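This is what each chain is made of:
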Amino acid sequence: MKAYKLKFHSSFHIDAGTSVDGPSETFIRSDTLFSAIVSATKKFYGNEIAEKFIEEGSLILSSAFPYYKEEYFLPKPLNFFPSDLQEYEMIKVFKKAKFISKDLLLNILAGKEIESKYFSKDYMLNECWRIIQNITNKNKKDDEEEDKIFEKQEVPHIVMDRITNQTQIFYKSEVYFNKNAGLYFLAEIKDELIQKFETVLRFLGDEGIGADRTIGKGMFEVEIINDFPLLTFDKADYFYSLSLYSPSKEEFNEINPHNSYYDFIIRGGWISNKTLNRKNLRMFVEGSVLNITSKKLSKGRIHKVLEAKDYPNELSFDIYRSGQALFLPVNGGSNGKN
């Protein structure tokens, strides 16, 4: 499977909720990434190529997760919590962890036991559970830097009332990645669209993603990993989601909710540079572990959330949200030991 690393040249802000001046996500969800790529495709190639990306099954993306040096992180499975944690402080730390090192995760999905040494704060960094011990001020050598994947900063902005000319200050959180860190995502793309997709992704890097792109925020360069090894096969009792997932009616009926581990998120938000609000969709979050009765891999669907014909003065094309998902098979238990 192909992976794409995004090395950011500047900070970015991806709205974590419906407020444009609220907190920022520290990663990019699959539907946001898909919409940004389709929008960039319309600018670069026009509607004809963009329509090909919108066809179901043509372009399926994971969310974009953190990487640090040569370590790649994936969302913590919602069925996984170590049963033998003794320290209360460590329980709190582990609950806050959002991502797990790929090497640890593959062991968990395969049902292998995790060594006890990894259940320590020394392996937790920026809500990421690592397989490499952190370099800190206490143990670093003279020529080493303290480990850090990213940091958040509250950046002041000013808004002016158009009628009274009065100004008001507000704060927007922005994410700054370490020079050895960034985000990456996985992609399943039709062969005939790969070259155009990679061209558009580089174009998107020059345009930027997220808020304040006109002042240089969210810009990145792309590195392609042609062979990113993961567990992949089409049949299993459980599947672990790397993306936001919106099943078709048929797929939904094949999910056994009593034996699944999942959470939902409502996705909505404004159209960039417009006063239009997208239709809200309830979606399974990344890290959901679903028991599929047919034991067959699901794909999800793409939703049309705004139609241009309903807003002829504001939209020149329909607006879509992708609920297609990439999954990994699960063989392990809830604590990685069975």
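Refer to the structure presented above.
Residues numbered from 1 in each chain as written. Predicted model: local features only at pLDDT ≥ 70, side-chain atom pairs only at ≥ 80, totals over all residues. Heavy atoms only, no water.

Draft legend 1. Structural detail: the overall build of the chain. When you go through the chain residue by residue, the secondary structure sums to six helices and 18 strands. Its C-alpha atoms give the chain a radius of gyration of 21 Å, near enough to 20 Å, the size a compact globule of 338 residues would have. Relative to its 338 residues, the chain shows a buried fraction of 51%. Long-range contacts, defined as pairs at least 24 residues apart, comprise 71% of the intrachain contacts of the chain with a sequence gap of at least 6. Charge separation in the chain, taken as the distance between the mean sites of 46 positive and 49 negative side-chain charges, equals 2 Å. (Helix = DSSP H or I, 4+ residues; strand = E, 2+ residues; numbered from the N terminus. Rg over C-alpha atoms; globule rule 2.2 N^0.38 Å. Buried < 20%, exposed > 50% of the residue type's maximum accessible area, 1.4 Å probe, protein only. Contact = heavy atoms within 4.5 Å. Lys, Arg positive; Asp, Glu negative; His and termini not counted. Charge placed at Lys NZ, Arg CZ, Asp CG, Glu CD.)

Draft legend 2. How the structure looks around the pairing of strand S1 (residues 2-8). Of all seven residues that make up S1, five are buried, and the element is covered over most of its length. The sheet contact formed by S1 and strand S10 (residues 181-189) spans five bridges and is antiparallel. The residue bridging Lys5 from the neighbouring strand is Tyr184, located in S10. (Pairing = 2+ DSSP bridges.)

Draft legend 3. Fine view of the layout of surface pockets. Roughly 300 Å³ of volume is contained in the second largest pocket. In terms of lining, the second largest pocket is formed by 16 residues, of which the most central are Arg29, Leu78, Lys98, Val285 and Glu286. (1 Å grid on protein atoms, 1.4 Å probe; cavity = no way out; pocket = protein on both sides within 12 Å on 5 of 7 lines; lining within 4 Å. Points joined across faces, edges and corners; volume = space filled by probe spheres on them.)

Draft legend 4. Here's a closer look at the pairing of strand S13 (residues 264-267). Side chains Ile265 and Arg267 project from S13 onto a buried face, and the interleaved Phe264 and Ile266 project onto a face without burial. Here S13 runs beside strand S14 (residues 281-284); their pairing, made up of four bridges, is antiparallel. Across the sheet, Ile266 pairs through a bridge with Arg282, a residue of S14.

Draft legend 5. Representation of helix H5 (residues 194-207). Along its 14 residues, H5 runs 20 Å from first to last C-alpha, staying within 8% of the 20 Å computed at 1.5 Å per residue. Within the sequence span of H5, burial applies to Phe197, Glu198, Val200, Leu201, Phe203, Leu204 and Gly205. Looking at the packing, one finds that the buried side of H5 touches S1, helix H1 (30-44), helix H2 (47-54), strand S2 (59-61), S10 and strand S11 (220-225). Within two residues after H5, Gly208 carries a phi angle of roughly 100°, on the positive side. (Expected span 1.5 Å × (residues − 1).)

Draft legend 6. Spatial organisation of the sheet that holds strand S12 (residues 238-241). Spatially, the three strands line up as an open sheet ordered S15-S12-S18, and their pairing is antiparallel. Taken across any chain shown, the strands that pair with only one partner, and hence form the sheet edges, are strand S15 (289-291) and strand S18 (327-330). The sheet shows a mean angle of 35° between the axes of neighbouring strands, direction not considered. Taken together, the three bridges between S12 and S15 define a ladder with antiparallel strand orientation. (Axes fitted to C-alpha atoms, helices over the stretch in contact; angles between N-to-C directions.)

Draft legend 7. Quick look at the pattern of salt bridges. For the structure on display, the rule yields 17 salt bridges. The salt bridge involving Asp147 is made with Arg130; its shortest N-O contact spans 3.0 Å. Linking Asp147 in the loop between strand S7 (128-129) and strand S8 (150-160) with Arg130 in the loop between S7 and S8, this pair joins segments that are 17 residues apart in sequence. Among the residues examined, Asp147 registers a relative accessible area of 6% and is labelled buried. On the basis of relative accessibility, which here comes to 2%, the residue Arg130 falls in the buried class. Salt bridges linked by common partners bring Lys69, Glu71, Arg130 and Asp147 together as one network. (Salt bridge = Lys/Arg side-chain N within 4 Å of Asp/Glu carboxyl O.)

Scope: geometric values only; no functional claims are made or implied.
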